[in-house]
Amino acid sequence: MFTFTPIGYVRSPYRQKFAIPRQPGLVPAARGEVVFTGEFADPNCLREIEQFSHLWLLFRFHETAARGWSPTVQPPRLGGKDRVGVFASRSTFRPNGIGLSAVTNLGWEHRDGELVLQVGGLDLLDGTPIIDIKPYLPYADSIAAATGGYAETAPGNAFAVTFSAAADEALAALAATYPDLRQLVTAVLEQDPRPAWRQRDPDDKQYGMSLYDLNIKWRVYPDGLEVVRIEPAGLED
Ligand code: SAH
């Protein structure tokens, strides 16, 4: 048995699991930060980290860890139907609930009494506990001859994303607070965050997802997705 002490936690635009990209880097506009806690809020721990363009984050799948694991899982990449072994997958449901993401290093700063490290291309839920950070080492970690099995290539961005007039207005009103919001919403939705078995199908449901403190409502049409409304969370209809 081990006991891990988190070194900090993540602040991210993703406030719910639904619509989080399935790997880091798929949505470069997804910026977030690691907020260091306790004895780890010490800039000495970060000395020379600016030399590295990318970092590995090791973290706890805190939202799903209590649900345990099973020997086989159904990866979205296989349409959520076929089963593979948990160790042949990047499923969140795994023994010890530990996740691994390579992110862009956007630098650290002291802000409002906190030590924060900015990262890009994040695929983590807001509040995710960070267990460790290591530099990404291209000579060791980037393996040109590696094969990617059933996830050989990144999922295609097949969906065109458009914004209704009301959504456009909301984006304009929010531009000062969230300058990259249009980019983030587009990048998240063009991956079609619906359950794997629904992917790329038209349907007539209105979907909602949360980003920051906002609710984003969208619909699927045969030729793409439309963002219908963007409103503060809590204004649910
Ligand atoms: N890059 C990581 C994560 C892959 S799974 C790895 O390979 O280990 C990606 C999914 O993790 C996302 O779709 C998101 O829904 C989920 N996720 C992100 N943060 C989480 C958290 N703190 N707890 C549970 N699930 C989380």
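It should be noted that the structure appears before, not after, this text.
Residues numbered from 1 in each chain as written. Predicted model: local features only at pLDDT ≥ 70, side-chain atom pairs only at ≥ 80, totals over all residues. Heavy atoms only, no water.

In the region of the ligand, 21 residues are neighbours, and Q23, H62, R90, D123 and T128 sit closest. With respect to the ligand, the backbone of P21 contributes an N or O atom lying 3.4 Å from an oxygen atom. Within the backbone of L100, one N or O atom sits 2.9 Å away from a nitrogen atom of the ligand. Protein contacts shield 93% of the accessible area of the ligand, which totals 580 Å² for the unbound molecule. Among the secondary structure elements, those contributing two or more residues to the shell around the ligand are β3 (54-60) and β6 (98-111). Of the residues forming the shell around the ligand, the biggest block, three residues, is contributed by β6. Taken together, the residues of the shell around the ligand sort by class into eight nonpolar, seven polar and six charged. (Near = heavy atom within 4 Å. Polar contact = N/O pair within 3.5 Å; in protein donor to acceptor, adjacent residues only side chain to side chain. Areas by Shrake-Rupley, 256 points an atom, 1.4 Å probe, with all protein chains shown as cover. Helix = DSSP H or I, 4+ residues; strand = E, 2+ residues; numbered from the N terminus. Nonpolar A, V, L, I, M, F, W, Y, C, P; charged D, E, K, R; others polar.)

Around the barrel, six strands lie side by side as β1-β2-β7-β6-β3-β8; this closed barrel has antiparallel pairing. Adjacent strand axes in the sheet meet at a mean angle of 50° when their direction is disregarded. Relative to strand β7 (residues 114-120), β6 runs antiparallel, the two sharing six bridges. The residue bridging T104 from the neighbouring strand is G120, located in β7. (Pairing = 2+ DSSP bridges. Axes fitted to C-alpha atoms, helices over the stretch in contact; angles between N-to-C directions.)

Okay, the side chain of D123 next. For D123, the position within the fold is in the loop between β7 and β8 (129-135). Among buried Asp, Glu, Lys and Arg side chains, D123 stands out as unpaired, with R90 the closest opposite charge at 7.0 Å. Among the polar contacts made by the side chain of D123, one reaches the side chain of S101 at a distance of 2.7 Å. The contacts of D123, once residues within four sequence positions are left out, are I20, P21, R22, Q23, P24 and S101. (Buried < 20%, exposed > 50% of the residue type's maximum accessible area, 1.4 Å probe, protein only. Lys, Arg positive; Asp, Glu negative; His and termini not counted. Salt bridge = Lys/Arg side-chain N within 4 Å of Asp/Glu carboxyl O. Contact = heavy atoms within 4.5 Å.)

Time to look at the pairing of strand β10 (residues 206-211). Sheet topology places β10 next to strand β11 (residues 214-221); six bridges connect them, and they run antiparallel. Its bridge partner lying in β11, G208 is registered against K217. Linking β10 back to β11 in an antiparallel pair, the connection comprises two residues, with Y212 at a positive phi of about 50°.

Taken as a whole, this structure holds six aromatic pairs when the rule is applied. A centroid spacing of 5.5 Å and a plane angle of 45° characterise the contact between W56 and Y136, whose relative ring orientation is tilted. Of the two residues, W56 is situated in strand β3 and Y136 in the loop between β8 and α1 (138-141); the sequence distance between them amounts to 80 residues. Through pairs of rings, three or more aromatic residues link up here, namely F18, Y207 and W218. In this structure, R182 is placed above the aromatic ring of F163, and the distance from its NZ or CZ to the ring centre is 4.8 Å. (Phe/Tyr/Trp six-rings, centres within 6.5 Å; stacked < 30°, edge-to-face > 60°. Lys NZ or Arg CZ within 6 Å of the ring centre and 35° of its normal.)

Ranked by internal contacts, the top residues of the largest apolar core, which has 31 residues, are V185, M209, I216, V227 and I230. Within the residue set of this core, elements represented by two or more residues are β9 (161-163), α2 (165-174), α3 (181-189), β10, β11 and β12 (224-232). Ranked by residue count, the leading element in this core is α3, at six residues. If we skip the residues at most four places from it in the chain, M209 touches Q16, F18, A19, V185, V188, L189, L214, N215, I216 and W218. Listed in part, the 18 residues of the second largest apolar core include I49, F61, L115 and L124. (Core = buried A, V, L, I, M, F, W, Y, C linked by side-chain atoms within 4.5 Å.)

Now for the pattern of salt bridges. Two side chains bearing opposite charge may form a pair once their charged atoms approach each other closely. For the coordinates displayed, the defined rule picks out nine salt bridges. Between E231 and R229 there is a salt bridge, with its nearest N and O atoms 3.3 Å apart. Classification of E231 as buried rests on a relative accessible area of 11%. Via salt bridges that share partners, R11, E33, E109, R111 and E114 belong to a single interconnected network.

Take the pairing of β11 next. β11 sits mainly inside the fold: six of its eight residues count as buried. Where β11 lies against β12, eight bridges are found, and the strand directions are antiparallel. Within β12, the position partnered with I216 by the bridge is I230. Hairpin connection between β11 and β12: a loop of two residues separates the two successive antiparallel strands.

A few words now on the sheet that holds β11. Here four strands make up an open sheet; going across it, the order is β9-β12-β11-β10 and the pairing mixed. Edge positions in the sheet fall to β9 and β10, since each of these pairs with one other strand and no more. Neighbour-to-neighbour, the strand axes of the sheet open up by a mean angle of 35°, direction not taken into account. Sitting on the sheet, α2 is in contact with β9, β11 and β12, with an inclination near 50° to β12.

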